[in-house]
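# Commentary on secondary and tertiary structure
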Amino acid sequence: MKNVRKLTEGAILLAAFAVLLLLTIYVPFLGMIVNLFLAVPFMLFAAKNDGKSIVVFIMASLLLSFIVGTIMSLPLTLAYGTTGVVIGYLIQKQKNIGVLFITGSLVFLVNLIIIYAASIVLFKVDMITEMIEMMRESLNVSADLLNNFGNTQDSEKVLEQFNNGLNLIKTLIPTLFVLSSFFIVFIMQLISFPIIKRFGVKVEKWKSFKEISLPKSLLYYFLLTLLVNMLMNPEEGSFWYMAIINMTYILQFLMILQGYTFIFYYFDKKGFSKAISITIAIVSFLIPIFLYIVGILGIIDLGFDLRKGFNKKE
C-alpha cells in the first residue's frame, strides 16, 4: 500500500513537472517566471522519500523532459531537479534555513558550471563570450558613426571605457555565476517554501533581513585577498589575476550585504519606519560612492560587532 501511494505521488508530481517544463520551454515570457517553480515537485518528493526513490524520481524526470521537450531541456531539468531534491532531502533531515540556502546555491552553481563547460566542449558554443563580442561590435559601429560626425576624441574615450567594461565582465564570469546562483536559489526558495508548506512539509522560517549577520571569518578572507593582491600585483589576464579579482568582488558584495543588514537593524532599533531603510538602500545602490560607504559600514560591523554595542546600551 505504501509503495502504491509513493508511485501515485511520484506520478502526480512528474505530471506537474511536465506541465511546468512545457510552459517554461514553449511560452517565452511566462516561462521566465514559471521556471522558478520547476524545483517544487522535486522538493516535495525528496522531503518525504528515501534516497533510492529520489534517484529513481530524478531519472524519470530526465526521461520525461527528453520526451516532452528536447535534448536542450535536459540541462534545465538537471539544474532545477538536483537543486530541488538536495533542498528537499535537507528539509527531511531538519537542517536549518541557512544550510538549505548555501547547499542549494552550491548545487545550482555546479550545474551552471557543468552546463557552461558542456556547451563549449560539446557544441563549441560560448554564449557569454559571443554576447560580449556582439556588444563590442555594436560599440565599434556606434563609434564609427560618432567619428563621421567629427567627435573622434569623445568616441575614442567612450569606446575605451566600454571595452574596459566588457573585458571586466569577461573576467568576472565566475563571480556572475556565483551571484546568479545565490540569487536564483533565494528566489526559488522564496516561491517554493510557501507551496510545499501547504502540502505538510515543515520548513524553518527565514530570518528577518535585519537579523542576518555574516560569519566574521569573511572579513579575514577579504583582508587577506586585498593583501595578496597588493603583494603579488598579478598581471592582467593571468590565472591569479582572475582568481583574486573574482574573490575581491564576491567578498565586496558580501560586505555590502552586511552593511545593508546593519542599516536595517540600526533604524529598527531607533524606531524609524522601515520605509526609511528601504529608501536609503535604493538611493545608495544607485549612487556608487554611497555603495562604498555601505560596504565600509559592513566591514566595521563585522570587525567591531556594532550590534552587540547597541544591545549593551539597552
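Structure first, text after, so check above.
Scope of this entry: the structure provided in the associated data block. (Residues numbered from 1 in each chain as written. Predicted model: local features only at pLDDT ≥ 70, side-chain atom pairs only at ≥ 80, totals over all residues. Heavy atoms only, no water.)

### Quick word on the overall build of the protein chain
To keep things clear, this is the line we draw: A helix here means a DSSP run of H or I that spans at least four residues, while a strand means a run of E at least two residues long, and both kinds are numbered starting from the N terminus. Buried means the residue's accessible area, taken with a 1.4 Å probe over protein chains only, is under 20% of the maximum for its type, while exposed means over 50%, and partly exposed covers the values in between. In this description, contact between two residues means that some pair of their heavy atoms is separated by no more than 4.5 Å. Computed by Shrake-Rupley with a 1.4 Å probe, the accessible areas treat only the displayed protein chains as cover when residues are assessed. We count Lys and Arg on the positive side and Asp and Glu on the negative side, and we leave His and both chain ends out. Where a charge lies is defined by one atom per residue type: Lys uses NZ, Arg uses CZ, Asp uses CG and Glu uses CD.
Per the secondary structure count, the protein chain includes 14 helices and zero strands. The order of α-helices and β-strands along the protein chain, N terminus first, is α-α-α-α-α-α-α-α-α-α-α-α-α-α. In terms of overall dimensions, the protein chain has a C-alpha envelope of 75 × 60 × 40 Å along the principal axes. Taken over 314 residues, the protein chain has a buried fraction of 37%. Look at the contacts in the protein chain between residues 6 or more apart in sequence, and 73% of them connect residues 24 or more apart. Within the structure as shown, the protein chain displays about 19300 Å² of accessible surface, and the carbon and sulfur contribution to it stands at 71%. When the 25 basic and 18 acidic side-chain charges of the protein chain are each reduced to a single mean position, those positions are 20 Å apart.

### Concerning helix H12 (residues 274–286)
We apply this condition: Given the number of residues in a helix, its expected span is that number minus one, multiplied by 1.5 Å. Think of it as the arc spanned by the lines of direction from the helix axis to the C-beta atoms. Whenever a nitrogen or oxygen atom comes within 3.5 Å of another N or O atom, the pair is scored as a polar contact, on the condition that within protein one atom can donate a hydrogen and the other can accept it, and that pairs from neighbouring residues in sequence are kept only if both atoms are in side chains.
For H12, which comprises 13 residues, the first-to-last C-alpha distance of 19 Å matches the rise-based estimate of 18 Å (1.5 Å per residue) to within 8%. Where H12 is concerned, the buried positions are Ser 277, Ala 281 and Ser 284. For H12, the angular spread of the buried residues around the axis is 75 degrees, confining them to a single face. Structurally, H12 contributes buried residues whose contacts are with helix H11 (239–269) and helix H13 (288–304). For H12, the N-terminal cap is Ser 273; the gap from its side-chain oxygen to the backbone nitrogen of Ala 275 is 3.2 Å.

### Description of the nonpolar core
Our working definition: Note on terminology: a nonpolar core comprises buried Ala, Val, Leu, Ile, Met, Phe, Trp, Tyr and Cys residues joined through side-chain atoms within 4.5 Å.
Membership of the largest hydrophobic core comes to 35 residues, with the highest contact counts inside it found for Ile 91, Phe 193, Ile 196 and Val 203. Those elements giving two or more residues to this core turn out to be helix H1 (2–26), helix H3 (40–46), helix H4 (51–68), helix H5 (74–92), helix H6 (97–123) and helix H9 (173–198). Apart from the residues within four sequence positions on either side, Phe 193 is in contact with Met 43, Ile 87, Ile 91, Ile 97, Leu 100, Val 203 and Trp 206. Judged by nonpolar contacts, the second largest core, of 18 residues, contains Leu 109, Tyr 116, Ile 173 and Leu 302.

### Thoughts on the side chain of Asn 35
With respect to the helices and strands, the residue Asn 35 is situated in the loop between helix H2 (28–34) and H3. At a separation of 2.5 Å, a polar atom in the side chain of Asn 35 contacts the side chain of Tyr 80. If we skip the residues at most four places from it in the chain, Asn 35 touches Thr 24 and Tyr 80.

### Notes on the pattern of salt bridges
Our working rule: Salt bridges are identified by distance alone: a Lys or Arg side-chain nitrogen within 4 Å of an Asp or Glu carboxyl oxygen.
Scanning all chains against the criterion turns up one salt bridge. Ionic pairing is found between Glu 9 and Lys 48, a salt bridge with its closest N-O pair at 3.9 Å. Of this pair, Glu 9 sits in helix H1 while Lys 48 sits in the loop between H3 and H4; the two residues are 39 residues apart in sequence, bridging distant segments of the chain. Owing to a relative accessible area of 15%, Glu 9 belongs among the buried residues under this scheme. The exposure class assigned to Lys 48 is partly exposed, which follows from its relative accessible area of 39%.

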